[in-house]
Amino acid sequence: MPQVHDTQLRFLLPAAGVRGVAVHLDASWQTIAERAAYPDTAAQLLGEATAAVALFTGHTKVAGRLSVQLRSQGPISTLFAECTATGTLRGIVRLRDDAGEPTRDLRDLGKDAVLAITIENPSLGNADPMRYQGLVALDSATLDQAFEAYFEQSEQLPSRLLLACDGQRAAGLLLQKLPGEEVDEDGFRRASALFDTLGREELLALPPAEVIHRLFHEESPQLLGEQALTFACSCSRERVEAMLVSLGREEADAAVAAGHGQAHVQCEFCGQAHHFDAVQISRLFALADSAHSAAAGVQ
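The structure displayed is predicted, hence computed values, not measured ones.

Analysis parameters
Residues numbered from 1 in each chain as written. Predicted model: local features only at pLDDT ≥ 70, side-chain atom pairs only at ≥ 80, totals over all residues. Heavy atoms only, no water. Helix = DSSP H or I, 4+ residues; strand = E, 2+ residues; numbered from the N terminus. Buried < 20%, exposed > 50% of the residue type's maximum accessible area, 1.4 Å probe, protein only. Areas by Shrake-Rupley, 256 points an atom, 1.4 Å probe, with all protein chains shown as cover. Pairing = 2+ DSSP bridges. Contact = heavy atoms within 4.5 Å. Axes fitted to C-alpha atoms, helices over the stretch in contact; angles between N-to-C directions. Polar contact = N/O pair within 3.5 Å; in protein donor to acceptor, adjacent residues only side chain to side chain. Salt bridge = Lys/Arg side-chain N within 4 Å of Asp/Glu carboxyl O. Arc of directions from axis to C-beta.

Explain the overall build of the protein here, please?
Scanning the protein from N- to C-terminus turns up nine helices and 13 strands. Taken over 299 residues, the protein has a buried fraction of 48%. Carbon and sulfur atoms make up 50% of the accessible area of the protein, which amounts to about 15,100 Å² in all.

So this is what it looks like as structure tokens:
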């Protein structure tokens, strides 16, 4: 069995007029999964969502980060997965207490459930990042079916998507007809028929290059670019400080009191802990007040 690495591989089927991305996650997925003791269904959904964001970052022009977020009133209150342009991944699931085992069928999440894809790209200068968001309909049973329908509707291009996750690995494969491509009108149908021969177990077992070769070798696939994927968190003390300031002085002081002299903030994604005593909290709000006054003076 060939060695498998965490990787994203873009490819082209030139004669068929089809592009694609294949993703395989090993160590990066294991690092995300071990952050909490998730029920099997929740872990599987998170793994599939993590593979999906890695696929979409290879498919879409992303200079910053792309995320998938699911919110519902059911057992899964929040599911979040993110991939950056540099190939770093993170993800988390939040479950409601005493809400039972999460459902595997997205249609059972309830009418208030929302699934969104968000792209955040940096702006020039110090301007806020540019954000683009699309809502994914939850009228399909699985994540890959929901995302497949979303791409067909939003980009008006035939698309195929398969996601898989087990206890140790996560993987995904995305195919899409090239826009305006009329080289072979039967190309996407032919590629789609080959796609249908791939099972989830095989997708998980093989590295992306071998998946592509086994399925599409008769189409003379061109490998366009490979990117390593790894777990990394974008949290920082500066971001935690900004979060505390946004909560307000009263709530920050209450956190210090509740922590017996220190406010404790721990990142849910990576587990890193940040501590702030009363003096540090006072300094934070003094600096924030000073910055606000300076900005008002400039105006």
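Just to check I follow, could you spell out the sheet that holds strand 7 (residues 130-136) for this structure?
Within a sheet, neighbouring strands are paired by backbone hydrogen bonds and run either parallel or antiparallel to one another. Ordered in space as 7-6-3-4-5-11, the six strands form an open sheet in which the pairing is mixed. One side of each edge strand has no neighbouring strand; the edge strands of this open sheet are strand 7 and strand 11 (230-231). Each of strand 3 (65-71), strand 4 (76-84), strand 5 (88-95) and strand 6 (114-121) touches helix 2 (residues 40-59); the most contacted strand, strand 4, lies at about 30° to it. Helix 3 (residues 143-155) rests against strand 3, strand 6 and strand 7 of the sheet, and its axis sits at about 115° to strand 7.

Is there a simple way to explain the side chain of Thr78 in this structure?
Within the secondary structure layout, Thr78 lies in strand 4. A polar atom in the side chain of Thr78 sits 3.3 Å from the side chain of Arg71. In this structure, Thr78 is in contact with Gln69, Leu70, Arg71, Ile92, Val93 and Arg94, ignoring residues within four places of it in sequence.

What's the story with the pattern of salt bridges in this structure? I'm lost.
Scanning all chains against the criterion turns up 16 salt bridges. Here Arg65 and Glu120 are joined by a salt bridge, their closest N and O atoms 4.0 Å apart. Of this pair, Arg65 sits in strand 3 while Glu120 sits in strand 6; the two residues are 55 residues apart in sequence, bridging distant segments of the chain. Using a relative accessible area of 22% as the deciding quantity, one classes Glu120 as partly exposed. A salt bridge links Arg131 to Glu120, with the nearest nitrogen and oxygen atoms 3.1 Å apart. Separated by 11 residues along the polypeptide, Arg131 in strand 7 and Glu120 in strand 6 bring together distant segments of the chain.

Any chance you could explain helix 4 (residues 187-195) here in plain terms?
Where helix 4 is concerned, the buried positions are Gly187, Phe188, Ala191, Ser192 and Phe195. The buried residues of helix 4 all sit within an arc of 125° when viewed along its axis, so they share a single face.

Honestly, unusual backbone geometry in this entry has me stumped. Any pointers?
Excluding glycine, residues mostly have negative phi values, and the peptide bonds linking residues are mostly trans. Positive phi is not limited to glycine here, since Gln156 has a value of about 55°. Within the secondary structure layout, Gln156 lies in the loop between helix 3 and strand 8 (159-165). If you check the backbone angles, Ser220 has positive phi at about 50° while not being a glycine. Within the secondary structure layout, Ser220 lies in the loop between helix 6 (208-216) and strand 10 (222-228).

Can you help me understand the pairing of strand 2 (residues 18-25) in this one?
The side chains of a regular strand alternate between both faces of the sheet. Along strand 2, seven of the eight residues are buried, which leaves the element largely enclosed by surrounding structure. Two strands pair when backbone bridges link them, and strand 1 (residues 7-13) and strand 2 are joined in this way by seven bridges, in the antiparallel orientation. Looking at strand 2, one finds that Gln8 is bridged to Val23. Taking the residues between adjacent antiparallel strands as the criterion, strand 1 and strand 2 are bridged by four residues, where Gly17 takes a positive phi near 70°. Bridge analysis of strand 2 against strand 9 (residues 170-177) gives eight bridges, and the strand direction is antiparallel. Paired with Leu25 across the bridge in strand 9 is Ala170.

What's the story with the sheet that holds strand 1 in this structure? I'm lost.
Sheet architecture is open: five strands sit in the order 8-9-2-1-10, paired in antiparallel fashion. In this open sheet, the two strands that pair with only one neighbour each are strand 8 and strand 10. With strand direction ignored, the average angle separating the axes of adjacent strands in the sheet is 10°. In this structure, strand 1 lies alongside strand 10, joined through six bridges in antiparallel fashion. If you follow Thr7 over to strand 10, its bridge partner there is Ala228. Across the sheet, helix 3 is in contact with strand 2, strand 8 and strand 9; its angle to strand 8 comes to roughly 155°.

Is there a simple way to think about the side chain of Asp105 in this case?
Within the secondary structure, Asp105 is located in the loop between strand 5 and strand 6. A polar contact is formed between the side chain of Asp105 and the side chain of Arg107, at a distance of 2.8 Å. Setting aside chain neighbours within four positions, we find Asp105 in contact with Ser140 and Ala141.

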